[in-house]
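Spelled out, the chains give:
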Number of protein chains: 2
Amino acid sequence: MVDILHRVAIKSSPAEVYAALTTVEGLAGWWTTDTQGKGSDVGGVLRFRFPNGGFDMKTLDLDPDKHVLWEVVEGPEEWIGTHVDWNLSQADDHTVILFKHMGWKEPVEFMHHCSTKWATFLMSLKSLVENGQGAPAPDDIKVDNWN
Amino acid sequence: MVDILHRVAIKSSPAEVYAALTTVEGLAGWWTTDTQGKGSDVGGVLRFRFPNGGFDMKTLDLDPDKHVLWEVVEGPEEWIGTHVDWNLSQADDHTVILFKHMGWKEPVEFMHHCSTKWATFLMSLKSLVENGQGAPAPDDIKVDNWN
């Protein structure tokens, strides 16, 4: 099993970051405008759609302003059963996010792509919370010929 | 051992990307302006310096327009002995980079930070080659409270 790891810090309260991870409005502001479902209840399912496909995430754990854990229940084969883990902590005037997309079976080329995409989406999340403007799909930053 | 993985694609020839990875001028244009040494010979050492420290990389393998492999010989403790591996291939009008920073002993918080930083530096490399303008340190994109 291999994991994608990232760390960003956002000048904001943990509550603001937590809201951007657990509300449809927040998620649509940095990941993909086509976000539906419910992210604020354990057991709820979020549906994220992109021009070329999408993912359904079941919320497995929520600890307000501290932790969010999703399981991928629908999407590309390589994603099914993987977990997306968000740990929030406060450091001075920043909220630090330790991000993990855990449980890839193999370090396939698609995993390399997703690692870079997650980084740019995390920067989109940072921009949304700090400046009110993210870069969600379909107007997301293109990193390669797979977009 | 755990690895940082990324994938970017650059609208350019492999030769242009290879030059940006093996010349001091190229490296200074996307990673850090304070780059010295020699990147075009196997066994040569490149010295990259940032406001808060830096890295020395020994070139272990070069295959023109296809492959670059560095070993970290000086820098933060977690980096020493790790390898930075660049695989280039052509896909239509793009050069695809498969990037690996391999051999981390543990998935420490600093590794999360470096993963996100590598992504933003790879986007800086893409911007340099495609548009003639990268974002090397000290004017690099800040991802967190560690910068």
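Whatever comes next refers back to the structure up there.
We now turn to the structure provided with this report. (Residues numbered from 1 in each chain as written. Chains lettered and ligands numbered in written order. Predicted model: local features only at pLDDT ≥ 70, side-chain atom pairs only at ≥ 80, totals over all residues. Heavy atoms only, no water.)

### Quick look at the packing of helix α3 (residues 109-131) of chain A against helix α3 (residues 109-131) of chain B
As a reminder of what qualifies: Fitting a line to C-alpha atoms yields each axis, with helices limited to the stretch in contact; the angle taken between N-to-C directions then spans 0 to 180 degrees. Working definition: helices are DSSP H or I runs of at least four residues, strands are E runs of at least two. Numbering for both runs from the N terminus. Oblique is the label for any angle not under 35 degrees, not over 145, and not in the 65 to 115 range, which are roughly parallel, roughly antiparallel and roughly perpendicular in turn. Any two residues whose heavy atoms approach within 4.5 Å are treated as being in contact. Residues are sorted three ways: Asp, Glu, Lys and Arg are charged, Ala, Val, Leu, Ile, Met, Phe, Trp, Tyr, Cys and Pro are nonpolar, and all the rest, Gly among them, are polar.
The contact between α3(A) and α3(B) brings their axes to 9 Å, and the two run at 90 degrees. One element, α3(A), and the other, α3(B), form an angle in the roughly perpendicular class. Contacts between α3(A) and α3(B) involve Ser115(A), Thr116(A), Ala119(A), Thr120(A) and Met123(A) on the former and, on the latter, Ser115(B), Thr116(B), Ala119(B), Thr120(B) and Met123(B). Grouping the constituent residues of the contact of α3(A) with α3(B) by class yields four nonpolar, six polar and no charged.

### Description of empty space enclosed by the protein
Selection criterion: Lining residues are those with an atom within 4 Å of a point, where the points come from a 1 Å grid over the protein atoms alone and group into cavities, where a 1.4 Å probe fits but cannot get out, or pockets, open sets with protein on both sides within 12 Å along at least five of seven lines. Grid points are joined across faces, edges and corners, and a volume is the space filled by probe spheres set on the points.
A full pass over the atoms with the stated rule returns one cavity of 30 Å³ or more. The computed volume of the largest cavity comes to approximately 60 Å³. In terms of lining, the largest cavity is formed by Asp3(A), Ile4(A), Leu5(A), Met111(A), Ser115(A), Asp3(B), Ile4(B), Leu5(B), Met111(B) and Ser115(B). Within the residue set of the lining of the largest cavity, elements represented by two or more residues are β1 (2-10) and α3 of chain A together with β1 (2-10) and α3 of chain B. Taken together, the residues that form the lining of the largest cavity break down as six nonpolar, two polar and two charged.

### Structural notes on the pairing of strand β3 (residues 45-50) of chain A
Residues and elements named next belong to chain A. Our working definition: Throughout this description, buried means an accessible area under 20% of the type-specific maximum (1.4 Å probe, protein chains only), exposed means over 50%, and partly exposed covers the range between. Only strands that DSSP links by at least two bridges are regarded as paired with each other.
Burial along β3 is one-sided: Leu46, Phe48 and Phe50 are buried, while Val45, Arg47 and Arg49, pointing the other way, are not. Pairing geometry for strand β2 (residues 34-37) and β3, over four bridges, is antiparallel. Across the sheet, the residue bridging to aspartate 34 is arginine 49, located in β3. By the bridge criterion, six bridges tie β3 to strand β4 (residues 53-63) in an arrangement that is antiparallel.

### Considering the relation of the copies chain B and chain A
Which entries qualify depends on this criterion: Copy-to-copy superposition: least squares on the C-alpha atoms, limited to residues that have pLDDT of at least 70 in both copies.
Least-squares fitting of chain B to chain A yields an RMSD of 0.0 Å, with the transformation described by 0.0 Å of translation along the axis and a rotation of 180 degrees. Classification of the inter-copy transformation places it as that of a two-fold axis. For chain B, the residue whose C-alpha comes nearest the rotation axis is Ala119(B), separated from it by 3.1 Å. By residue overlap, the copies meet face to face through one surface: 100% of the interface positions of chain B are interface positions in chain A.

### Structural notes on the packing of aromatic side chains
Residue and element names in this part refer to chain B. Going by this rule: Centres within 6.5 Å are what make two rings of Phe, Tyr or Trp a pair, Trp counting through its six-membered ring; a difference in plane orientation under 30 degrees is then read as stacked, over 60 as edge-to-face, and the rest as tilted.
Counting across every chain of the model gives 38 aromatic pairs over all chains. Between tryptophan 70 and tryptophan 86, the ring centres sit 5.7 Å apart and the planes meet at 75 degrees, which makes this aromatic pair edge-to-face. Of this pair, tryptophan 70 sits in strand β5 (residues 67-74) while tryptophan 86 sits in strand β6 (residues 83-91); the two residues are 16 residues apart in sequence, bridging distant segments of the chain. On the basis of relative accessible area, tryptophan 70 is assigned to the buried category, the value being 0%.

### Overview of the sheet that holds strand β6 (residues 83-91) of chain A
All names here are of chain A. Taken together, seven strands build an open sheet; the order of strands is β1-β7-β6-β5-β4-β3-β2 and the sheet is antiparallel. Only two strands of the sheet have a single partner each, and these edge strands are β1 and β2. On average, each strand axis in the sheet is tilted by 20 degrees relative to the strand beside it, whichever way the strands run. Summarising the sheet, β4 and strand β5 (residues 67-74) pair through seven bridges and their orientation is antiparallel. Paired with lysine 58 across the strands is glutamate 71, a residue of β5. Strands in contact with helix α1 (residues 14-22) are β1, β4, β5, β6 and β7 (94-104); relative to β6, the strand with the most contacts, it is inclined by about 165 degrees. This element, α3, spans β1, β3, β6 and β7 of the sheet and lies at about 20 degrees to β1.

### Description of the side chain of Thr82(A)
Residue and element names in this part refer to chain A. As a reminder, the rule being used: In protein, a polar contact requires one atom able to donate a hydrogen and another able to accept it; more generally it is a pair of N or O atoms within 3.5 Å, and residues adjacent in sequence count only if both atoms are side-chain atoms.
Looking at the secondary structure, you find threonine 82 in the loop between β5 and β6. The exposure class of threonine 82 is buried, given its relative accessible area of 0%. Here histidine 101 takes part through its side chain, which lies 2.8 Å from a polar atom of the side chain of threonine 82. Ignoring anything within four residues of it in the chain, the contact list for threonine 82 reads Trp70, Glu71, Val72, His101, Met102, Gly103 and Trp104.

### Side note on the side chain of Asp140(A)
All names here are of chain A. Among the secondary structure elements, aspartate 140 is positioned in the segment after α3. Of note is the side chain of aspartate 140, whose polar atom sits 2.8 Å from the side chain of lysine 117. Reaching out from aspartate 140, the side chain makes a polar contact with the side chain of lysine 142 at a distance of 2.6 Å. Dropping the residues within four chain positions of it, aspartate 140 is found in contact with Lys117, Phe121 and Ala135.

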